[in-house]
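The primary structure of each chain is shown beneath.
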Amino acid sequence: MTDLSPAELQQLTGQKKPEKQAVALLALGIPFRAAGRALFVAREVAQHWPQWQDRQAGVRMDLVR
């Protein structure tokens, strides 16, 4: 299981600072782990949230006929 990179976490939450990212993750209901100032969101968990799917660039092949 891999975690989102700091850039992906910033993209998901729309926040740069870890404190604000934690507040945004709580508001979105996305589970995360914290170790000091570092936040970790499992990639497998994030992929199931609409907020993550909406922020992904490119064509979603599962919607293409």
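Look a little higher up for the structure.
A quick note: this is a predicted structure, and the numbers were derived from the prediction, not measured.

> How do you make sense of the pattern of salt bridges when you look at a structure like this?
Side-chain pairs of opposite charge can arise whenever the charged atoms involved come near each other. Applying the stated criterion across every chain, the model contains three salt bridges. Of the charged contacts in the structure, one is a salt bridge between R33 and D3, with a shortest N-O distance of 3.0 Å. Taken together, the residues span a long stretch of sequence, with R33 in strand β1 (residues 33–35) and D3 in the segment before α1 (6–13) at a distance of 30 residues. Linking R43 and E8 is a salt bridge whose minimum nitrogen-to-oxygen distance equals 2.8 Å. Residue R43 is located in helix α3 (residues 43–46), and its partner E8 is located in helix α1; the two are separated by 35 residues in the primary sequence. You can call R43 partly exposed: its relative accessible area is 22%.

Criteria and cut-off values
Residues numbered from 1 in each chain as written. Predicted model: local features only at pLDDT ≥ 70, side-chain atom pairs only at ≥ 80, totals over all residues. Heavy atoms only, no water. Salt bridge = Lys/Arg side-chain N within 4 Å of Asp/Glu carboxyl O. Helix = DSSP H or I, 4+ residues; strand = E, 2+ residues; numbered from the N terminus. Buried < 20%, exposed > 50% of the residue type's maximum accessible area, 1.4 Å probe, protein only.

The values reported here are purely geometric and, on their own, carry no functional implication.
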